[in-house]
Amino acid sequence: MVTELTPAQHSFRAAMASLSAAVNIVTTNGPRGEAGVTVSAVSSVTDLPPTLLVCVNRSSYTHDIFQENRHVAINVLASDQEEIAWHFAGRTGLSFAERFGLPIWDRDENGVPLLKDAAARISGTIVDEMERGSHSVFFVEVDTAESRDDRGGLAYFQRNFHALSVA
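Before going into details, it helps to say that this report is about the structure given with it. Every chain is numbered on its own, with residues counted from 1 as its sequence reads. Reporting in this predicted model follows two pLDDT cut-offs: at least 70 for local features of residues, and 80 or more for side-chain atom pairs to be given and counted; totals over whole chains, interfaces and linings ignore these cut-offs and use all residues. Note: side-chain values were computed over all heavy atoms of the structure, leaving out hydrogens and water.

### A look at a nonpolar patch on the surface
Inference 1: Judged by side-chain polarity, Phe12, Met16 and Leu19 come together as a nonpolar surface patch covering roughly 320 Å² of accessible area.
Inference 2: Each helix is a run of DSSP H or I of at least 4 residues and each strand a run of E of at least 2, with the numbering of both proceeding from the N terminus. Tracing the sequence through the fold places Met16 in helix H1 (residues 7–17). A residue counts toward a patch only above 30% relative accessible area and without a salt bridge, and it is joined to like-charged neighbours within 9 Å or, for Val, Leu, Ile, Met, Phe, Trp and Tyr, to nonpolar neighbours within 5 Å. The method behind every accessible area is Shrake-Rupley, applied with a 1.4 Å probe, and residues are considered shielded solely by the protein chains displayed. Take a side-chain nitrogen of Lys or Arg and a carboxyl oxygen of Asp or Glu: if they are within 4 Å of each other, that pair is a salt bridge.

Shown next, in the form of structure tokens:
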């Protein structure tokens, strides 16, 4: 059943389209297997202990897989990685097996996929979560983090991807 959006929802979504955000692929591996999804709702919480939050729609196929596997990686996309963002947004028709079969992945100590040429790669464990509306907010305690200063970034703004340079 599809419901109509309220005027408040329309105006909120329009305002959020103007909130620039980094584009990330959140990945997992564990008892439920490999999965990943493109998200822009990732934020730093604290550095003691290093913790991020990641918001995932509860209707997403990946939601329960993240919840059960617990080990995740946040792959912050570089400016030239729009195609992989579309793959993990489910817009290109590639299966998870095909996506993870591409020669662009490393694995962390838990077997979680790490994107080789990402602007940053962060591995951690979901240590807490809460539900709000249609989404779960996963709190991820960071085990490892690495970044590259030469990769630029990929941002989501006005419902489109935009490359950001380092210059």
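### What about the packing of aromatic side chains?
Inference 1: Pairing of aromatic rings covers Phe, Tyr and Trp, the last counted by its six-membered ring, and requires centre-to-centre distances within 6.5 Å; plane angles under 30 degrees mean stacked, over 60 mean edge-to-face, and any other angle means tilted. A complete count under the given rule lists seven aromatic pairs for this structure.
Inference 2: Here Phe96 and Phe100 contribute two aromatic rings whose centre-to-centre distance is 6.3 Å and whose plane-to-plane angle is 25 degrees, an arrangement assigned as stacked. Taken as a pair, Phe96 and Phe100 lie in helix H4 (residues 96–101) at a separation of four residues, close to a single helical turn. Each member of the pair Phe96 and Phe100 is classed as buried.
Inference 3: Seen in terms of ring centroids, Phe100 and Trp105 are 5.3 Å apart; in terms of plane orientation they differ by 50 degrees. Their pairing is tilted. Of the two residues, Phe100 and Trp105, both sit in the buried class.
Inference 4: Taken together, the ring pairs in this structure connect Tyr61, Phe88, Phe96, Phe100 and Trp105 into an aromatic cluster.
Inference 5: Whether a charge sits over a ring depends on NZ of Lys or CZ of Arg being within 6 Å of the ring centre and within 35 degrees of the ring normal. For Arg99, the ring lying beneath its charged end belongs to Phe88, and the centroid distance is 5.4 Å. Each residue is assigned to one of three classes by its accessible area relative to the maximum for its type, calculated with a 1.4 Å probe on protein chains only: buried under 20%, partly exposed between the two thresholds, exposed over 50%.

### So, the nonpolar core
Inference 1: For this analysis, a nonpolar core means a set of buried residues of the types Ala, Val, Leu, Ile, Met, Phe, Trp, Tyr and Cys, connected via side-chain atoms within 4.5 Å. Among the nonpolar cores identified, the biggest contains 15 residues, and Leu77, Ile84 and Phe88 are the most heavily contacted of them.
Inference 2: Every element with two or more residues in this core is listed here: helix H3 (82–88) and H4.
Inference 3: The leading source of residues in this core is H3, at three residues.
Inference 4: Those residues within four positions of Phe88 in sequence are excluded, and the remaining contacts are Ile25, Gly36, Val37, Thr38, Phe96, Arg99, Phe100 and Trp105.
Inference 5: Among the nonpolar cores identified, the runner-up in size contains 14 residues, and Leu52, Val56, Phe66 and Ile126 belong to it. Only heavy atoms enter the contact rule, under which two residues are in contact if any of them lie within 4.5 Å.

### So, the pairing of strand S4 (residues 42–47)
Inference 1: What makes two strands pair is DSSP finding at least two bridges between them. Sheet topology places S4 next to strand S5 (residues 50–57); five bridges connect them, and they run antiparallel. Looking across to S5, one finds that Ser44 is bridged to Leu52.
Inference 2: The antiparallel pairing of S4 with S5 creates a hairpin that spans two residues between the two strands.

### Quick word on unusual backbone geometry
Inference 1: With an omega dihedral of -5 degrees, the bond running from Leu48 to Pro49 counts as a cis peptide bond.
Inference 2: Structurally, Pro49 is set in the loop between S4 and S5.
Inference 3: A positive phi angle is found at Arg70, which is not glycine, with a value near 70 degrees.
Inference 4: Relative to the helices and strands, Arg70 is located in the loop between helix H2 (63–69) and strand S6 (71–76).
Inference 5: Residue Arg70 is classed as partly exposed on the basis of its relative accessible area, which comes to 26%.
Inference 6: At Gln158, a position not held by glycine, the phi torsion is positive, near 50 degrees.
Inference 7: Mapped onto the elements, Gln158 comes out in the loop between strand S11 (153–157) and strand S12 (160–164).
Inference 8: With a relative accessible area of 37%, Gln158 lands in the partly exposed category.

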